[in-house]
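Examination of the molecular architecture
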Amino acid sequence: MFVIGERINGMFVKVKKAIEARDKSAIQKIARRQLDAGADALDINVGPVRGSALDNMCWMIEAVEEVTDAPICIDTPKFDVMNEALHACSNPTIINSTKAIEEELDRYVPLAVETGSQLVALTIDKTGVPKDVDGRVAMGATIITKAMEHGLDMRDLYVDLVIIPVNVAPKQPAAVLGAIGQLKMFSDPPPNFILGLSNVSQSCKERSLLNSAFVAMCIGAGLNAAIMDALDHELMEIAITAEVLLQKQLYCDDYIAAYMSNK
Ligand code: THG
């Protein structure tokens, strides 16, 4: 499982304050904690902070790059911010994200190829998040086709099936699972499949339980990457265990320790 730590996001009060105060060490601590907990890459999102999104993004990237060589997942909906931030990065980069709209894919896929970045593409179009499996599969097909057309290696593509909170959209988790299964069969070689996992439990009471149960089900369906809370140890352990049960990791009695020592 490719784990992208979600915590460097201006949505968290601590991060928002650190950005406003230009407190590098606060950001660096959150980066290190996530990596030590097993994250493979770090999502960076400026969130609802005032000021220039580009300046804030570049400052956060600089802070993180001082303490790690891990891939940076640049999380912004603005193409110009993405383009500038990508060029300012020296670590490997992941573009997060583009939508399943042809004109957008025609800009983002070549940007990924030119900069040697990986690309996250959401199954969202001008009409929003699809209600069912079929909508997600159709948008996934658009993404995969465009990626092939522009020469992006499937190993560098992450199709995001877009999960929204279960308390407001109870049919969505099952639709995500169905879409991963179908898209996996549809393409050879398949792309990677990713989710912003914590979205499933936003504003719910049992966040950790919901995230944990869902991650196990998604891994069963074929999910191999997630933007998630790497600081939730039990969640991480459940994800690793699900992979052991599917033989994606080898079993040994100390499989958790073995997994972490490979980081
Ligand atoms: N897909 C992709 N990228 C994404 C998402 C996605 N990036 C953003 C988001 N979704 C994933 N990251 C988060 C980060 C934090 C939370 C949820 C998803 C979260 N935050 C607390 C909350 O809203 O309750 C913040 C409050 C707090 O604790 O301070 O849950 O789907 N490609």
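Quick note: structure is the one above.
Residue numbers restart at each chain and count upward from 1, following the sequence in its written direction. Only residues with pLDDT of at least 70 are given local features in this predicted model, and only at 80 or more are side-chain atom pairs given and counted; all residues enter the totals for whole chains, interfaces and linings. Side-chain figures throughout are based on the complete set of non-hydrogen atoms in the structure, without hydrogens or water.

**Section: the environment of lysine 16**
The condition that has to hold: Per the convention used, a helix needs a DSSP run of H or I reaching at least four residues, while a strand needs a run of E reaching at least two, with both numbered from the N terminus. By the convention used here, residues are in contact when the closest approach between their heavy atoms is within 4.5 Å.
Relative to the helices and strands, lysine 16 resides in helix H1 (residues 13–21). In this structure, the C-alpha to C-alpha distance between lysine 16 and glutamine 182, residues 166 residues apart in sequence, is 39 Å. Look past the residues within four positions of lysine 16 in its chain and what remains in contact with it is Gly10, Pro48 and Val49.

**Let's talk about the site of the ligand**
We count it as follows: What makes a residue near a molecule or strand is one non-hydrogen atom of that residue sitting within 4 Å of it. We define a polar contact as two N or O atoms separated by no more than 3.5 Å, with the added condition that, inside protein, one atom must be a possible hydrogen donor and the other a possible acceptor, whereas residues neighbouring each other in sequence contribute only through side-chain atom pairs. Any residue outside Ala, Val, Leu, Ile, Met, Phe, Trp, Tyr, Cys, Pro, Asp, Glu, Lys and Arg is labelled polar, Gly included; the first ten of those are nonpolar and the last four are charged.
In the region of the ligand, 15 residues are neighbours, and Asp75, Asn96, Asp160, Asn199 and Arg207 sit closest. Between the ligand and aspartate 160, the relevant distance is 2.7 Å, taken from a nitrogen atom to a side-chain nitrogen or oxygen of the residue. Asparagine 199 places a side-chain nitrogen or oxygen 2.9 Å from an oxygen atom of the ligand. Counting residues per element, the ones that place at least two in the shell around the ligand are strand S1 (2–9) and strand S5 (118–122). A per-class count over the shell around the ligand returns five nonpolar, six polar and four charged.

**Remarks on the pattern of salt bridges**
Filter applied, for reference: Take a side-chain nitrogen of Lys or Arg and a carboxyl oxygen of Asp or Glu: if they are within 4 Å of each other, that pair is a salt bridge. Exposed residues in this analysis have more than 50% of their type's maximum accessible area, buried residues have under 20%, and partly exposed residues fall in between, with area computed by a 1.4 Å probe over protein chains only.
Within the structure shown, the criterion is met by 10 salt bridges. Here aspartate 36 ties to arginine 32 by a salt bridge, and the two come within 3.0 Å at their closest N and O atoms. Of the two residues, aspartate 36 and arginine 32 are both situated in helix H2 (residues 24–36); the distance of four residues between them amounts to about one turn of the helix. The exposure class assigned to aspartate 36 is exposed, which follows from its relative accessible area of 53%.

**Quick notes on helix H5 (residues 102–115)**
The cut-off we apply is this: Helices are assigned an expected span. That span is 1.5 Å times one less than the residue count. Taken from the helix axis, the directions to the C-beta atoms give the arc we talk about.
Here H5 is 14 residues long and its end C-alpha atoms lie 20 Å apart, about the 20 Å a rise of 1.5 Å per residue gives. Within H5 the residues assigned to the buried category are Leu105, Tyr108, Val109, Leu111 and Ala112. Buried residues of H5, seen end-on, are gathered within an arc of 160° and therefore sit on one face of the element. Residues of H5 that are buried in the fold lie against helix H4 (79–88), strand S4 (93–99), S5 and helix H6 (133–149).

**Some points on H2**
Its 13 residues give H2 an end-to-end C-alpha distance of 18 Å, which sits within 8% of 18 Å, the value for a rise of 1.5 Å per residue. Taken together, the buried residues of H2 touch S1, H1, strand S2 (41–45) and helix H3 (53–65). Positioned one or two residues after H2, glycine 38 has a phi angle of 115°, which is positive.

**Things to note about the packing of aromatic side chains**
Formally: Any pair of Phe, Tyr and Trp rings, taking the six-membered ring for Trp, is counted once the centres come within 6.5 Å. Such a pair is stacked with planes under 30 degrees apart, edge-to-face with planes over 60 apart, and tilted for the rest. By definition, being over a ring means that NZ of Lys or CZ of Arg is both within 6 Å of the ring centre and within 35 degrees of the ring normal.
A full pass over the atoms with the stated rule returns three aromatic pairs. Ring centres 5.9 Å apart and planes at 45° place the aromatic pair tyrosine 251 and tyrosine 255 in the tilted group. Note on tyrosine 251: relative accessible area 54%, which makes it exposed. You can call tyrosine 255 buried: its relative accessible area is 18%. Across the ring face of phenylalanine 79, the terminal group of arginine 107 is positioned such that the distance to the ring centre comes to 4.3 Å.

**A look at the packing of helix H7 (residues 172–186) against helix H8 (residues 207–221)**
Put simply, the rule is: Only C-alpha atoms enter the line fits that serve as axes; for helices the fit covers just the stretch in contact. Angles between N-to-C directions range over 0 to 180 degrees. For classification, angles of less than 35 degrees are called roughly parallel, those exceeding 145 degrees roughly antiparallel, those between 65 and 115 degrees roughly perpendicular, and all remaining angles oblique. Crossings are sorted by hand: turned counterclockwise from the far helix by less than a right angle, the near helix makes the crossing left-handed, and turned clockwise it makes it right-handed.
Axis separation between H7 and H8 bottoms out at 9 Å; the angle between their running directions is 20°. Comparing the axis directions of H7 and H8 gives the class roughly parallel. In the crossing of H7 with H8, the sense of the turn from one axis to the other is right-handed. Packed against H7, whose contacting residues are Pro173, Val176, Leu177, Ile180, Gly181 and Lys184, the element H8 presents Phe214, Met217, Cys218 and Ala221 at the interface. Classifying every residue of the contact of H7 with H8 by side-chain character gives eight nonpolar, one polar and one charged.

Geometric values such as these leave the question of function open.
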